[in-house]
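# Residue-level structural notes
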Amino acid sequence: MTSFLQSVVDAIASGALYALAALGLGLVFGVMRLANFAHGEIITGSAYTLVLTWHLGAVVSLMMAVVVGVVLAVLFELLVFRRMRRANSATLLVASFGLSFALQRVYELAFGNSVRTAPVATGLTRTVHVFGLRLQLLSLVTIVLGAVLMMGVQQFLTRTSIGLQVQAASSDFTTARLLGVRANRVIGMTFALSGLLASAVAFVLVTQTGAVNSTFGVNITVLALIGAVIGGINSLSGSLVGGFVVGVAASQLSTWLPNVISNFRDAFVFLLVILILLVKPSGLLAPRNIVERT
Amino acid sequence: MTVTRAATGTDYDELPNSNGARPASAGGWLTSGLTLAGPLVIVYVVTVLFSMGSGSMQIQTAYALADLVIVVGLQLFVGNSGVLSFGHISFAAVGAWTMGLLTIDPTVKRAVLPQLFPWLSSASASPAVALILGAVFGGVLAFIVAPFLMRLNGLQAGIATFALLGVVVQVLSYWTKIGPPSGQSMVGVPHAFSLQVQLFLALAVIVVSWLYGRTRTARLLRAARENPVAAPGSGINITVHRVLAFGISGVLCGIGGAMWAQTNTVVQASQLSTGFTFTVIAMLVLGGTMSLWGAVLGTLVYSVVDALLQQLQSGLSLGSMVVTIPDGSRPLILGALLILMLLFRPDGITRGREFGIPFLRRRTRARSSATPTGRAA
């Protein structure tokens, strides 16, 4: 029973982490119809910043990681995606795939093929006892961080003018523009927000592993993207829930799968995804089946 | 008369057509014959030219031909159906695996693949048979998954094919009963085919893709691509035609994978994953997704640029000075090339057109507009 509860807390932490990544992807998808593979490279960039600057002190390093995440995201928008507003979503997908691939090579050129390590926030990896459960402090921090950021994003989207504009643009971009929403500002803001979320994900992941390489952010981005799609990437809550489900599934599968097949964890997650897509192609939370023109 | 000319002009020449989609009009056989002969001749000539080069250039040519087969296979599905696939390398991986498992020398095999199923451990075949089996297994996998995947559209289809790749790569990486111990590779795959054999395989695959493009099912699939709402309304069962295209492209990718395996002589699941997927998609997008000629030209251009960059990495002497680019910048430049292409010419170099000669194209247009019956044919 205790071990079950422990695994539940781990699963919620993993779910929160994937949900943060999926939320970042869902925000951008909402305004641009872009499933941004290159989100992973924002995470990687922030992670490198953390590892390389941690000796300067936690606060400085964290701030720099956030700045790098936001700047990278905004740069992607300015240099690449802004010029592709009229492109269809398949072209955008290929473009972000190419961007992701190219940036991994940039990281390899800049930081080498080997893994960079640093003891980032090692204090968080220790175990604490809560109500008789042995829990990693990091799991609790992840859950709190996830909850705070999600509530922050929610407040931002519902309480501020620009947030409302982002929401409007995400439900119907053309009409929003006709009503005076400034496209560049809203899209730029959305990318910045996704960069911020990516740097939070990077912090948790780096604390977990303490090591970064050029493909650091790929795995979580692919799984979160998949999560967002099965949840229904057309809505933010859909992306969020989908990401959470995938995170929980990944964590639970690695806990309960027998050792012989635990290597196949991601394969099981992928199979689950294909099954969900077959039953609910527009996502778990989609209001109805929307016929999409390809 | 002018009206007819305008109409034929729009119908035949302005729309981006896929494989042989140009209707047979008066003199159309020449144009449509060229859409096959052009790519064949150019692939043949380029391969012959490069095969005269140094040893390393010949190896690069062999890789390029394997890539070409996979890209043509991918285009057969993506171009005709309009559905993006990130999963086709799975079929190439199956082909490569078949080639590796059946052609590695038995004594070597027991050493590198200690935990195989006994029947698999004793199985062996000649390279030609292994190639055919690779094609069959690639096709079987594609046909098995197609009925499920092909019900999806757009982003969902892209994600589902990506998930398929994830499953296949993980199974091949970790299932030691059908492969090497995890993280290791299958070494000692014999280099079985000469460049000439590879060239003929590539040409044959181009012919298959061209012939497929002229079948009724391919035309219906393209109709569904252009209008997925009207096509079912006209009695087209999109899923059936997509499944067929997916299966055939799986067969072709299986052949390409087997060719790649015996060129590379080492087979490892991590090499048949997203990196390779990037390469083939970049090749296809560079040339233009919507035509067979795009797949061929894209692969050629990408491979030539790649070879050139490789030369530059090891230092290319131009007269008295030696030009070098830093190690590892090659994939970066290729990635940038893909993005620039998508920014400035998203339809690819060919803009989705089939091979044609401008002079002939103009003459055909003039002739078909001069004879009004030409349009009905």
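Refer to the structure presented above.
Only a predicted model underlies this, so the values are computations on that prediction, with no experimental measurement involved.

## Describing the overall build of chain A
Summing up its helical and strand segments, chain A has eleven helices and four strands in all. Here the C-alpha coordinates of chain A stretch approximately 55 × 45 × 35 Å along the principal axes. Residues counted as buried form 54% of the 294 residues belonging to chain A. Look at the contacts in chain A between residues 6 or more apart in sequence, and 73% of them connect residues 24 or more apart. Looking at chain A as shown, the accessible area adds up to about 12600 Å², and 65% of this sits on carbon and sulfur atoms. Charged side chains in chain A number 17 positive and 7 negative. The centres of these two groups are separated by 9 Å.

## Points about the interface of chain B and chain A
Contacts between the two partners involve 44 residues from chain B, matched on the other side by 40 residues from chain A. Carbon and sulfur atoms make up 81% of the area that chain B and chain A hide from each other, which totals about 3700 Å². Sorting the residues of chain B by area buried against chain A places B:L155, B:Q156 and B:I159 first, and these three jointly supply 16% of that buried surface. Viewed at the interface, chain A and chain B are joined by one residue pair in polar contact (both at pLDDT 80 or more). Among the elements of the structure, α7 (127–149), α8 (154–174), α13 (274–287) and α15 (329–344) of chain B are those that each provide at least two residues to the side of chain B that touches chain A. Take the side of chain B that touches chain A: its biggest share by element is 13 residues, from α8(B). Among the residues forming the side of chain B that touches chain A, the class breakdown is 28 nonpolar, twelve polar and four charged.

## Some remarks on the packing of helix α4 (residues 88–103) of chain B against helix α12 (residues 238–264) of chain B
All names here are of chain B. Taken N-terminus to C-terminus, the directions of α4 and α12 make an angle of 50°; their axes are 6 Å apart at the nearest point. Between α4 and α12, the angle falls in the class oblique. For the element pair α4 and α12, the recorded crossing hand is right-handed. Contacts from H88, F91, A92, G95, A96 and M99 of α4 reach α12 at F246, S249, G250, C253, G254, G257, A258, W260, A261 and Q262. For the contact of α4 with α12, the per-class residue count stands at nine nonpolar, seven polar and no charged.

## Digging into the packing of helix α2 (residues 39–53) of chain A against helix α9 (residues 218–231) of chain A
Residue and element names in this part refer to chain A. Remark: α2 packs on α9, axes separated minimally by 8 Å, with the N-to-C direction vectors making an angle of 145°. When you trace α2 past α9, the crossing you get is right-handed. Side by side, α2 and α9 meet where H39, G40, E41 and I43 of the first sit next to V218, I220 and T221 of the second. Its residues assigned to classes, the contact of α2 with α9 comprises three nonpolar, three polar and one charged.

## Let's talk about the pattern of salt bridges
Residues and elements named next belong to chain A. What the rule picks out here adds up to three salt bridges over all chains. With a closest N to O distance of 3.1 Å, R82 and E77 form a salt bridge. We note a salt bridge from R105 to E108, for which the minimum N-O separation is 3.2 Å. Of this pair, R105 and E108 are both found in helix α4 (residues 89–111), three residues apart, which corresponds to roughly one turn of the helix. Accessibility expressed as a relative area gives 23% for E108, which makes it partly exposed.

Conventions used here
Residues numbered from 1 in each chain as written. Chains lettered and ligands numbered in written order. Predicted model: local features only at pLDDT ≥ 70, side-chain atom pairs only at ≥ 80, totals over all residues. Heavy atoms only, no water. Helix = DSSP H or I, 4+ residues; strand = E, 2+ residues; numbered from the N terminus. Buried < 20%, exposed > 50% of the residue type's maximum accessible area, 1.4 Å probe, protein only. Contact = heavy atoms within 4.5 Å. Areas by Shrake-Rupley, 256 points an atom, 1.4 Å probe, with all protein chains shown as cover. Lys, Arg positive; Asp, Glu negative; His and termini not counted. Charge placed at Lys NZ, Arg CZ, Asp CG, Glu CD. Buried area = accessible area lost by both parts, 1.4 Å probe. Polar contact = N/O pair within 3.5 Å; in protein donor to acceptor, adjacent residues only side chain to side chain. Nonpolar A, V, L, I, M, F, W, Y, C, P; charged D, E, K, R; others polar. Axes fitted to C-alpha atoms, helices over the stretch in contact; angles between N-to-C directions. Parallel < 35°, antiparallel > 145°, perpendicular 65-115°, else oblique. Left-handed = near helix turned anticlockwise from the far one by under 90°. Salt bridge = Lys/Arg side-chain N within 4 Å of Asp/Glu carboxyl O.

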